[in-house]
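# Architecture at a glance
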Amino acid sequence: MTSASRLELGLRQLRGQIVSVIPEADSAATLVIKPGWGWHFAHRPGQYLGIGVAVDGRFHWRSYSLTSVPTRDRDHVSITVKAMPEGLLSTHLVQGVRPGAIVRLAPPRGEFVLPDPPPEKLLFVTGGSGITPVIAMLRTMDDRGTLPDVVLAHSAPAAEAMLFRAELHDLWRRHSRFHLHEQFTRRDGQLSLRSDLDQLCPDWRDRQSWVCGPTTMLREAAQVWAAAGLAEALHLERFSADLAGGETQGGTVHFTASGRTAVVDGATTLMQAGERAGIPMPFGCRMGICHTCVVPLRSGRVRDLRDGTEHDGGHQTMVQTCITAAAGDCSLDL
């Protein structure tokens, strides 16, 4: 096992206790967590937190945006989780976990953050639970007593499904330079950055912009800002990898250090294969950005699910387990 893997596994021993579970709109909940011994990490508004929870006797790990203000209550952190139909852990966190439950924690990470000091003019475009990292930024600026010139365009299915709606309207009432646009897709249709942005925020080209939401929104934002020659002014946050490269044939994954194996299909990532086999896989963002999950591929072939690129094992080949899948039998040094 690599030194990075050993370090990551050590960090996974951090614990926390659920203090409260606060229901939110649209099958979501805010979990307030009190980290235990060894927690000395300060987070920046917009970062995410790794959390591991035992479900049916096995720990499952995911990352969720921190929604707490870093300086308001240093003894607690909070995440807001939306239950997804296919999400075992998200559903458990929203509907099954209770105050007093002990969870495992990984330190805050992420580059989708609020600068300090923030720019004079900001634009946020969010969809669904993509509002979660942005609410931490807004709360932090509000905690300082004032908001700069901020435009937030948020898309949700309907008003009752919108996270933090009452809080955002309160910010709108109290801060003259904060403007909120709500796009309710069942009533208004989809938010289109290509056709709507100039009307929603005429001076968007003069602003630093943060976009977080569905993959289609992120792709469109990247294209619009690139076409304007403003790619450096755009900050994107993905909640899942864009696996547009499809899937591969699958196979048997051998984990040489632990002696375990997993038979997987072509849509299952190597990280998922290891976790299902009970191996504490190193992880960070789970979307191919942070490279925390990189491990040696000893033999066999794998495929990058984002673009279809294939890699052969041996010769010190390193692969990102969160976005690669087996293209036949293969062996990992774990």
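One can find the structure itself at the top, above this paragraph.
Calculation rules
- Residues numbered from 1 in each chain as written.
- Predicted model: local features only at pLDDT ≥ 70, side-chain atom pairs only at ≥ 80, totals over all residues.
- Heavy atoms only, no water.
- Helix = DSSP H or I, 4+ residues; strand = E, 2+ residues; numbered from the N terminus.
- Rg over C-alpha atoms; globule rule 2.2 N^0.38 Å.
- Buried < 20%, exposed > 50% of the residue type's maximum accessible area, 1.4 Å probe, protein only.
- Contact = heavy atoms within 4.5 Å.
- Areas by Shrake-Rupley, 256 points an atom, 1.4 Å probe, with all protein chains shown as cover.
- Lys, Arg positive; Asp, Glu negative; His and termini not counted.
- Charge placed at Lys NZ, Arg CZ, Asp CG, Glu CD.
- Salt bridge = Lys/Arg side-chain N within 4 Å of Asp/Glu carboxyl O.
- Core = buried A, V, L, I, M, F, W, Y, C linked by side-chain atoms within 4.5 Å.
- Pairing = 2+ DSSP bridges.
- Axes fitted to C-alpha atoms, helices over the stretch in contact; angles between N-to-C directions.
- Phe/Tyr/Trp six-rings, centres within 6.5 Å; stacked < 30°, edge-to-face > 60°.

## Observations regarding the overall build of the chain
Helix and strand content of the chain: eight helices and 17 strands. Against the compact-globule benchmark of 20 Å for 334 residues, the chain has a radius of gyration of 21 Å, which places it among compact chains. In the chain, which comprises 334 residues, the proportion classed as buried is 52%. Once local pairs closer than 6 in sequence are excluded, the contacts in the chain between residues at least 24 apart make up 68%. When the accessible surface of the chain is totalled, it reaches about 15100 Å², and 49% of it is carbon and sulfur. In the chain, 34 positive and 35 negative side-chain charges are present, and the distance between their average locations comes to 5 Å.

## Observations concerning the pattern of salt bridges
Per the counting criterion, the structure on display carries 17 salt bridges. One continuous salt-bridge network, built from bridges that share partners, spans Lys121, Asp149, Asp203 and Arg207.

## Description of the nonpolar core
If you look at the biggest cluster of nonpolar residues, it comprises 25 residues, and the most contacted ones within it are Phe124, Leu138, Val150, Leu152, Leu168 and Phe178. Of all the secondary-structure elements, those providing two or more residues to this core are strand 7 (121-127), helix 3 (131-143), strand 8 (149-156), helix 4 (165-174), strand 9 (178-184) and strand 10 (208-212). Residues Phe283, Cys293, Ile323 and Leu332 belong to the second largest nonpolar core, which totals 24 residues.

## Some thoughts on the sheet that holds strand 3 (residues 48-55)
Strands sit in the order 4-3-6-1-2-5 across an open sheet of six strands; the sheet is antiparallel. Strands at the two margins of the open sheet, each flanked by one partner only, are strand 4 (58-65) and strand 5 (77-82). Mean inter-strand twist for the sheet, computed between neighbouring axes without regard to direction, equals 40 degrees. Pairing of strand 1 (residues 14-24) with strand 2 (residues 28-35), which is carried by eight bridges, proceeds in the antiparallel orientation. Residue pairing across strands places Ile18 opposite Ile33, the latter belonging to strand 2. In the packing of helix 2 (residues 88-96) onto the sheet, the strands contacted are strand 1, strand 2, strand 3, strand 4 and strand 5, and the crossing angle to strand 3 comes to about 85 degrees.

## Things to note about the packing of aromatic side chains
Geometrically, a pair of aromatic rings is defined through the distance of the ring centres and the angle of the planes. Counted according to the given criterion, the structure contains three aromatic pairs. Ring plane angle 75 degrees and centroid distance 5.1 Å describe the contact between Trp39 and Phe41, whose orientation is recorded as edge-to-face. For Trp39, a relative accessible area of 16% corresponds to the buried category. Judged by relative accessible area, which is 25%, Phe41 ranks as partly exposed. Measuring from centroid to centroid gives 5.6 Å for Phe124 and Trp210, while their planes differ by 45 degrees, and the two rings are tilted.

## What to know about the sheet that holds strand 8
On the basis of which strands lie adjacent, the open sheet formed by five strands has the order 9-8-7-10-11 and parallel pairing. Of all strands in the sheet, those bounded by a partner on one side alone are strand 9 and strand 11 (234-237). Looking at each pair of strands side by side, their axes are set apart by 10 degrees on average, direction ignored. Two strands pair when backbone bridges link them, and strand 7 and strand 8 are joined in this way by seven bridges, in the parallel orientation. Looking at strand 8, one finds that Lys121 is bridged to Asp149. Across the sheet, helix 4 lies against strand 8 and strand 9, angled at about 145 degrees from strand 9, the strand it touches most. In the packing of helix 7 (residues 215-227) onto the sheet, contacts are made with strand 7, strand 8, strand 10 and strand 11, and the angle to strand 11 comes to roughly 165 degrees.

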